[in-house]
Amino acid sequence: MQFMLLFSRQGKLRLQKWYVPLSDKEKKKITRELVQTVLARKPKMCSFLEWRDLKIVYKRYASLYFCCAIEDQDNELITLEIIHRYVELLDKYFGSVCELDIIFNFEKAYFILDEFLLGGEVQETSKKNVLKAIEQADLLQEVNFSFTRISQILFNPCIITGAYLFLQRSSAEQFGYFTVNIDVYVQWKFQQSGQKICW
Amino acid sequence: MSDVVERTLSALPGLLGQQDPGAGPGGGPGRVSATSRLGGLIRSITALSSKHEEEKLIQQEQTNLKATVSAPTTTLRLMKECMVRLIYCEMLGYESSFGYIHAIKLAQQGNLLEKRVGYLAVSLFLHENHELLLLLVNTVVKDLQSTNLVEVCMALTVVSQIFPREMIPAVLPLIEDKLQHSKEIIRRKAVQALYKFYLIAPNQVQHIHDKFRKALCDRDVGVMAASLHIYLQMIKKNASGYKDLTESFVSILKQVVGGKLPIDFNYHSVPAPWLQIQLLRILGLLGKDDPRTSELMYDVLDESLRRAEINHNITYAILFECVQTIYTICPKSDLLEKAAKCIGKFVLSPKINLKYLGLKALTYVIQQDPNLALQHQMTIIECLDHPDPIIKRETLELLYRITNGQNVTVIVQKMLDYLRQSKEEYTIINLTGKIAELVEKYPFLLLKWFIQTMNAVFSVGGDVMHPDIPNNFLRLLAEGFDDEKEDEELRLYAVQSYLSLLEEEDTFYPQKFLQVMSWVLGEYSYLINDGDPEVIITRLHRLLKQTFVTSETKAWIMTAVTKMSSRMSCSKTIDKLIQEFSTSLDTCMRQYAFELKHLCENKELMKNLFPLDASCDEIMVDASLSFLDGFVAEGLSCGAAPYKPHHQRQEEKLSQEKALNFEPYGLSFTSNMSSSGFTGRQSPAGLSLGSDMSGNSAELGQKETNCLKLDGVRKLWGKEGYLPKKENKTGKEDKTQPVPQDSILTAHVVDPPLMQSEQQVVSLSEEEKEKQQLASTLFVGLGSNSTISLVGDFYKLQVTKFTKYETQNSEEASSFQNIATLPFSPLPDTTPNNKENFQGNEHLGLRKISLSSSEVLEASVSFETSQSVTEVGLDEQLSNCRLSTSSLFADSNIEVFQPPQNVPDIVANKAPLSLCLPEELAGHPHSEIVELCSSDILTVYWCKVWTDDCSRLVLFVANNSTSPLKTVNLVNLNIFYTSVNFFLSFCQKCVQLEKVCTEGVLSGSISYHLDTDTHLEFSLTFSLSDFIRPMKMTTEDFGRLWLSFSNDVKQNLKMSPSQGSLSVALNALKQKLKLHIVEIIGNEGIAACRLLPSVPCLLHCRTHARTLALWFRSSCSALPDSLLYQCQKVMEEA
């Protein structure tokens, strides 16, 4: 795959990922031309386009157009399914995704895309594995980030020790499962004690 | 303590269930951070109404951001926020390069959360050639060594997306280690990173091929799937190297199709479709032209076809890939049948996407099975009028493939209609090229149609179309076909149509079209008997005054006027024209006017200069410029310095001055090389022509073709003069055969299926009838059981097309005959049937050789690559197909020698042969003469000879039998003998490297006829070292060159104890790679070599504690890499 673009019905770019080195000027030109061409197409028309020497595969989901550029010998239908799989992933992550989710959390959308497609090739086709990877990264960051603050405000030293224990184990490569535990557990503890967590 | 743990664990399931799905562990941070600054920015931008306001707002935002990011007090957390906003600004199209460096800093310094955003920003902002990327390398190395998995993952992700090519050695060992990591996600990403490296620098990962195999056998499906990306690429490059893996791929596919994978990998209840498609593609590449490998995969392909049943896009995707694979590998009839049925499913589907793919598949298979098009002809006709232009376009592509002599007019008409509607440049270029190709293939059909279609192409295609199109058209027109009368009619019609086009005032025509018109008018306007040349000149004159005409076109027009004026006694318009432009502000025009004026004063000279209808005549070029001898002698006698060629002057200058040489070093070598070759001859020719015609640009094109002709025949201009043309029947037949069209080319006979369809027409409506009619015109001549009756004409056409080659070839052939018969003149009495008849011949036409992917190494046809390629393009109608053939090893100067030892009697031929090289080659280093392939009749031996200017492949063909062999044909090497009844013969070819790569396979086959046709296939491997020659230079020169080269590669190699010192290692390299050792001082040494013909490469090496640090520099970017690989191999062997 050469690049992927997400844009709205108004032609506003929402996401862009380039897998081939191009100058900014070229990127802009390609984006402008493609957005125009794709938006001009009628709904009943074919999802594929021949554009320059590339094939464009696009699909509309609600108000968003997903648009991929592939080489001529690539399989168009499977590209269409790549788009669909990406939408499924977004949907699962955000919980019935809408355009606003992508507008305001575009960096998250990028993270998901990077776990799914890498360097223009499909990296992981299992939905579960992609989301697991994203959640692990999300969670570990949250805990790491707020750990000092927790220790300042936490009242029960027992929990702190527990947290330490978990964190230490987490760095010992089993972080996935255990960090989920500590995160949930700390949240739960806070709720019990009536304090608000300030992440 | 422990009860805390226990409580936590027991409470977990319930807790997880309580979570709000929207704000789940991952979704928690999701849902619009409404209060954040990014949210504010986004909201205020959406609220704006005009682009101008947006610009203002972004500018303000950027100023704020700039201040924030460069302030030292900014916390990393704030920085992270700023980065996200910067990404947003970039997405809107506002460049924010000031933030790039901060993105890198964030990736370096931040904690996980910030690092992640930093890496993301870097991957979005920078591209792989960006200089700032170098600053990231250290961070990546650090993170790769981290114990935190998330950090390692992030580093691997960024490496797989963008990484500077020259820094790969810095991270490569780390990533290799990760291939053994216990976590599958890390292994997968490491494989993906190696895939990226393979794409940008294949030679650097060549040594880890074993590890790729391990990845292929990984227990995790993801890792295995990732390794397939690498295998697909490698197999694309060299399928023959991976045939042994076919069974593994087949068994993997079997498992996938059989549903043995974890259910996670299912997509809409289809098991791992991505994996399946990847595997199918790999199998297709492996099975291509290889019956034995294909055999292995028939079962699994059948299984895949059978399993893909559900009516979902994803199954169609797999089916499509299956069909493609089935048609790519060696065919098996029942699979083909099933695949054809599948294509039918696509084509007939109401879903437009599937229909499109059906057409695409049809286009792909149509050449193998034209009957399929007949089955679906009605659908194709419908698609031709489809409202979606993409469908239309694909249908035209399909029709283009099935064109023959009868349907060409209809198809071209359809293409023209489409062309007129399309506005996109790329489509226009593509379509005009195709139309022109078709039209030129069948110009004999209808003269008027030919001219009119080309007119349409020129006026629509305008100035964007490929420059070859007008050139080819003019060449066809000038060379004509065999029938003089028809040619004249054609030219006359062209002249008339252009005149009528020019009649209308103020119509705009593209420049190219005007140039074509003016050339034709200038050359052939004399054909109009009744017309007044004055009228034509007036029209041209009017054009000259138009503002839209560019100065290049004006030059063409002026040439036309000049040519015409040579045929007229005097003309008022010309006088007026001369007067007008003698005072023109445009210096070129003024010069033309003055030339014309002077020429008009000397009509005799002018008639000589512009003979009638002589555009195809060879222009004799005195390459030695002997007519200047007197002038030179005079100059010398007056004390002028004798002439030194450019490179000699440069060398002298180099040795005198100690200044830096700013000229690219390779240049001087090129001129050196070609002094006897192409440019050497061309430049004086250009000079002499130039002085006669003063850079007449209309003649330039012509001149070019003349040069081209000269190139092929240069050896034939001896003292005897021009050797007479000779008809070469066998050659011609051979040429017509390979053209695929003639197998489906038919005439007046309509094949049976079509007859049936026509009988059905009766009951159909008018509209249907029309469509049927269209169908019958379009699909006429397809199908296998039709007879060929147009072959005569077609044959004629082929001959015309190759006229030029014909002359060359026959001349070459006759010269070969000269050589061949010489040593044999005393023989006829003793062995009467030993009379040799050599006919070297360019094996023209469309050979399907280049389809086989085994040819990685590209070789060029003659000395100068770029020129030869354009020549080929100009020379041949079939340039598209031909260009692909240029990837073959070929040489226009085939030399066939008659070795002295073939005189001995035939009885001795069973004894072991004493093969030896001809004298002129024996002095050069060469490899051992080894048997290449053999049958009971014929044995082929080969050997490589490394001469100074090229690598030659010498093939010995020995006849083991006593009976004479007829028509021995070396297919890929462009040589063929009409008879090899002699005992031993050999031929040599110059093999050249067009693209730098480490290894290439040259495959070919030899076929001969003795009762039956027999083929012997063989393949030879050429490595880069075959094309490397030592380059002598001094240490000073080395230093100078070293600084002027920009492409370098460094690598440390381990030395085995046996290799000991530097000089031993260097000597090994010298022997194996033919390097020239410039100097060795202590533990440092320098060496130089050149890649043929003259691309220099310098090597600096240093030993340090059992490691050999190699540092290559060259003017060619790919060369150091490949050389390094060769060195690695040499060192390993040693």
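Residues numbered from 1 in each chain as written. Chains lettered and ligands numbered in written order. Predicted model: local features only at pLDDT ≥ 70, side-chain atom pairs only at ≥ 80, totals over all residues. Heavy atoms only, no water.

**Observations regarding the pairing of strand S17 (residues 1107-1114) of chain B**
Residues and elements named next belong to chain B.
Turning to step 1, where the next piece is worked out: Two strands pair when backbone bridges link them, and strand S13 (residues 1047-1054) and S17 are joined in this way by eight bridges, in the antiparallel orientation. In the sheet register, Gln1051 faces S17, and the bridge partner there is Leu1110.
Turning to step 2, where the next piece is worked out: Here strand S16 (residues 1095-1104) pairs with S17 via eight bridges, running antiparallel. In the strand pairing of S17, Leu1098 is matched with Arg1113.
Turning to step 3, where the next piece is worked out: Connecting S16 to the next strand, S17, in antiparallel fashion are two residues, including Ala1105 with a positive phi near 45°. (Pairing = 2+ DSSP bridges. Helix = DSSP H or I, 4+ residues; strand = E, 2+ residues; numbered from the N terminus.)

**Section: the side chain of Thr453 of chain B**
Residues and elements named next belong to chain B.
Turning to step 1, where the next piece is worked out: Mapped onto the elements, Thr453 comes out in helix H24 (residues 447-461).
Turning to step 2, where the next piece is worked out: For Thr453, a relative accessible area of 4% puts it in the buried group.
Turning to step 3, where the next piece is worked out: Not counting the four nearest positions on each side in its chain, Thr453 is found in contact with Val412, Leu416, Ile435 and Val439. (Buried < 20%, exposed > 50% of the residue type's maximum accessible area, 1.4 Å probe, protein only. Contact = heavy atoms within 4.5 Å.)

**Concerning helix H25 (residues 468-479) of chain B**
Residues and elements named next belong to chain B.
Turning to step 1, where the next piece is worked out: Between its terminal C-alpha atoms H25 stretches 16 Å, which fits the 16 Å expected from 12 residues at 1.5 Å a residue.
Turning to step 2, where the next piece is worked out: Where burial is concerned, most of H25 is hidden: 10 out of the 12 residues are buried.
Turning to step 3, where the next piece is worked out: Looking at H25, one finds that the buried residues are Asp468, Ile469, Pro470, Asn472, Phe473, Leu474, Arg475, Leu476, Leu477 and Ala478.
Turning to step 4, where the next piece is worked out: Gly480 sits one or two positions beyond H25 and adopts a positive phi of about 70°. (Expected span 1.5 Å × (residues − 1).)

**So, a negative patch on the surface**
Turning to step 1, where the next piece is worked out: Residues Asp483, Glu484, Glu488 and Glu489 of chain B make up a contiguous surface patch of negative charge.
Turning to step 2, where the next piece is worked out: Structurally, the position occupied by Glu488 of chain B is in helix H26 (residues 484-503). (Patch = residues over 30% accessible without salt bridge, like charges linked within 9 Å, V, L, I, M, F, W, Y side chains within 5 Å. Areas by Shrake-Rupley, 256 points an atom, 1.4 Å probe, with all protein chains shown as cover. Salt bridge = Lys/Arg side-chain N within 4 Å of Asp/Glu carboxyl O. Lys, Arg positive; Asp, Glu negative; His and termini not counted. Charge placed at Lys NZ, Arg CZ, Asp CG, Glu CD.)

**Things to note about the sheet that holds strand S4 (residues 54-61) of chain A**
All names here are of chain A.
Turning to step 1, where the next piece is worked out: Strand order in this open sheet of five strands is S2-S1-S5-S4-S3, and the pairing throughout is antiparallel. Of all strands in the sheet, those bounded by a partner on one side alone are strand S2 (13-18) and strand S3 (48-51). On average, each strand axis in the sheet is inclined to that of its neighbour by 20°, with strand direction left out of account.
Turning to step 2, where the next piece is worked out: Here S3 pairs with S4 via four bridges, running antiparallel. (Axes fitted to C-alpha atoms, helices over the stretch in contact; angles between N-to-C directions.)

**With respect to the packing of helix H5 (residues 100-109) of chain B against helix H7 (residues 136-144) of chain B**
Residue and element names in this part refer to chain B.
Turning to step 1, where the next piece is worked out: It is at 9 Å that the axes of H5 and H7 come closest, and there the two elements cross at 20°. One finds that H5 runs roughly parallel with respect to H7. For H5 against H7, the interelement crossing comes out left-handed. On the side of H5, the interface is formed by Ile104, Ala107 and Gln108, while H7 contributes Leu136, Thr139, Lys142 and Asp143.
Turning to step 2, where the next piece is worked out: Looking at side-chain class alone, the contact of H5 with H7 contains three nonpolar, two polar and two charged residues. (Parallel < 35°, antiparallel > 145°, perpendicular 65-115°, else oblique. Left-handed = near helix turned anticlockwise from the far one by under 90°. Nonpolar A, V, L, I, M, F, W, Y, C, P; charged D, E, K, R; others polar.)

**Looking at the confidence of the model for chain A**
A low pLDDT means the predicted coordinates there should not be read in detail.
All names here are of chain A.
Turning to step 1, where the next piece is worked out: Mean pLDDT over chain A stands at 76; residues scoring 70 or higher make up 70%.
Turning to step 2, where the next piece is worked out: Mean pLDDT values for the elements of chain A range from 47 in helix H6 (residues 157-193) up to 93 in strand S5 (residues 64-70).
Turning to step 3, where the next piece is worked out: Confidence over residues 145-162 falls short of pLDDT 50; this stretch has 24 contacts with residues more than four positions distant or in other chains.
Turning to step 4, where the next piece is worked out: Every residue in residues 194-199 scores below 50 in pLDDT, and together they form 11 contacts with partners more than four places removed in sequence or on other chains. (pLDDT = per-residue confidence, 0-100.)

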